[in-house]
Amino acid sequence: MSGEATLRAGAAQLGLALDDRQCERLLAYGALILKWNKVYNLTALRDPATVMTHHLLDSLSVIAPLQRERPGATRLLDVGAGAGLPGVVIAILRPDIDVTCLDAVAKKTAFVQQVAAELKLPNLRGLHARVETLTGRYDVISSRAFASLPDFYNGSMQLLAEEGVWLAMKGKVPADELAALPPGVDVFHVEQLTVPGLDAERCIVWARKAAG
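Moving on to the overall build of the protein chain. A count of helical and extended segments in the protein chain gives 8 helices and 7 strands. In terms of principal-axis extent, the alpha carbons of the protein chain reach across some 50 × 30 × 30 Å. Sorting the 212 residues of the protein chain into buried and exposed places 53% on the buried side. By sequence separation, contacts in the protein chain at least 24 residues apart represent 65% of the contacts at least 6 residues apart. Of the roughly 9400 Å² of accessible surface on the protein chain, 53% is carried by carbon and sulfur atoms. Across the protein chain, the centroid of the 22 positively charged side chains sits 5 Å from that of the 23 negatively charged ones.

Listed below in structure tokens is the structure:
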């Protein structure tokens, strides 16, 4: 099966019908990851098939849940975004979401800026900084295998808008981390995900600021 066929079939299993432009951009993004990887070591994955499952489809698995939680225009901060996962994929699928991919490694945010330019994504930018030093307000703060949940919440607490949500992508349900939540955080849903072609547990931990 070609890359495009694999991508479309996987997206369909996730309840997403990709248009030609989205498909084109996602495949171009995957190709850019592989191209830059040769020089900049953005990610440990080196072959197109694993980039497809572990990066593109894995990131696509959050699109339908995010649509449910945030159907309208939104500001999203992707913390520890690395090569832009899931932030770039969200920017491609949701032009109404303003996506900032934050990373402490300059070459990774430079890559995201390059992707935004090459794929003509005005709603995407890479930002080189540490989360603790950032100011501003975001409606959604996402992370994918970035840090432990307590570290993620503590580091980004000052950036979450009052009605905002945290979207943490995890492997299996992180029971130990959930037992050590900082005060002021309310985990309201742990959502199991099934990623096509990926034989591994995945979930989203949804949280918000606790009332009062």
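Turning our eyes to something else, we now look at the packing of aromatic side chains. Applying the stated criterion across every chain, the model contains 7 aromatic pairs. Relative to Phe 152, the ring of Phe 146 lies with its centre 6.4 Å away and its plane at 75°, an arrangement referred to as edge-to-face. Here Phe 146 falls in the partly exposed class, since its relative accessible area comes to 35%. When the centroid spacing of 5.6 Å and the interplanar angle of 40° are considered together, the rings of Phe 152 and Tyr 153 count as tilted. This pair shows no difference in class: Phe 152 is buried, exactly as Tyr 153 is.

Here we come to the nonpolar core. Counting residues in each nonpolar core, the largest one holds 50 residues, and the members touching the most others are Tyr 29, Leu 60, Phe 111 and Leu 124. For this core, the element with the most residues is helix α2 (residues 20–40), which contributes 7 residues. Among all residues touching Leu 124, those that are not within four sequence positions of it are Gly 87, Val 88, Ala 91, Val 99, Cys 101, Val 112, Gln 113, Val 115 and Ala 116. Residues Val 79, Phe 152, Ala 168 and Cys 203 belong to the second largest nonpolar core, which totals 20 residues.

Considered as a void within the structure, the largest pocket measures approximately 150 Å³ in volume. Contributing to the lining of the largest pocket are 14 residues, with Val 79, Ala 104, Arg 130, Val 131 and Phe 146 lying nearest its centre. Residue assignment for the lining of the largest pocket shows that the elements contributing at least two residues are β2 (97–103) and α7 (149–156). Among the residues forming the lining of the largest pocket, the class breakdown is 9 nonpolar, 1 polar and 4 charged.

What follows covers the sheet that holds strand β1 (residues 74–79). Taken in spatial order, the 7 strands of this open sheet run β3-β2-β1-β4-β5-β7-β6, and their pairing is mixed. Looking at strand neighbours, the two that pair on one side only are β3 (124–128) and β6 (185–193), the edges of this open sheet. Strand-to-strand twist across the sheet, computed as the mean angle between neighbouring axes with direction ignored, equals 20°. Pairing of strand β5 (residues 160–170) with strand β7 (residues 202–209), which is carried by 5 bridges, proceeds in the antiparallel orientation. Note on β7: the bridge partner recorded for Leu 167 is Trp 206. Along the sheet, helix α6 (residues 106–118) makes contact with β2 and β3, crossing β3 at roughly 165°.

Attention shifts here to the environment of Cys 101. Mapping Cys 101 onto the fold places it in strand β2. Along the primary structure Cys 101 and Gly 126 are separated by 25 residues, whereas in three dimensions their C-alpha atoms are 4.8 Å apart. With residues up to four places along the chain from it excluded, the contact list for Cys 101 reads Asp 78, Ala 81, Gly 84, Gly 87, Val 88, Thr 109, Val 112, Leu 124, Arg 125, Gly 126 and Leu 127.

Now for the packing of α2 against helix α3 (residues 48–60). The geometry of α2 relative to α3 is characterised by a closest axis approach of 10 Å and an angle of 125° between their N-to-C directions. Judged by the inter-axis angle, α2 sits oblique to α3. Our pair here, α2 against α3, has a crossing hand that is right-handed. On α3, the residues touching Leu 26, Leu 27, Tyr 29, Gly 30, Ile 33 and Leu 34 of α2 are Pro 48, Val 51, Met 52, His 55, Leu 56 and Leu 60. Looking at side-chain class alone, the contact of α2 with α3 contains 10 nonpolar, 2 polar and no charged residues.

Two elements in contact, α2 and α6, have axes separated by 11 Å at closest approach and are oriented at 145°. α2 and α6 meet at a crossing whose hand is right-handed. Here Tyr 29, Leu 32, Ile 33, Trp 36 and Tyr 40 of α2 lie close against α6, whose contacting residues are Lys 107, Ala 110, Phe 111, Gln 114, Val 115 and Glu 118.

Definitions and cut-offs
- Residues numbered from 1 in each chain as written.
- Predicted model: local features only at pLDDT ≥ 70, side-chain atom pairs only at ≥ 80, totals over all residues.
- Heavy atoms only, no water.
- Helix = DSSP H or I, 4+ residues; strand = E, 2+ residues; numbered from the N terminus.
- Buried < 20%, exposed > 50% of the residue type's maximum accessible area, 1.4 Å probe, protein only.
- Contact = heavy atoms within 4.5 Å.
- Areas by Shrake-Rupley, 256 points an atom, 1.4 Å probe, with all protein chains shown as cover.
- Lys, Arg positive; Asp, Glu negative; His and termini not counted.
- Charge placed at Lys NZ, Arg CZ, Asp CG, Glu CD.
- Phe/Tyr/Trp six-rings, centres within 6.5 Å; stacked < 30°, edge-to-face > 60°.
- Core = buried A, V, L, I, M, F, W, Y, C linked by side-chain atoms within 4.5 Å.
- 1 Å grid on protein atoms, 1.4 Å probe; cavity = no way out; pocket = protein on both sides within 12 Å on 5 of 7 lines; lining within 4 Å.
- Points joined across faces, edges and corners; volume = space filled by probe spheres on them.
- Nonpolar A, V, L, I, M, F, W, Y, C, P; charged D, E, K, R; others polar.
- Pairing = 2+ DSSP bridges.
- Axes fitted to C-alpha atoms, helices over the stretch in contact; angles between N-to-C directions.
- Parallel < 35°, antiparallel > 145°, perpendicular 65-115°, else oblique.
- Left-handed = near helix turned anticlockwise from the far one by under 90°.

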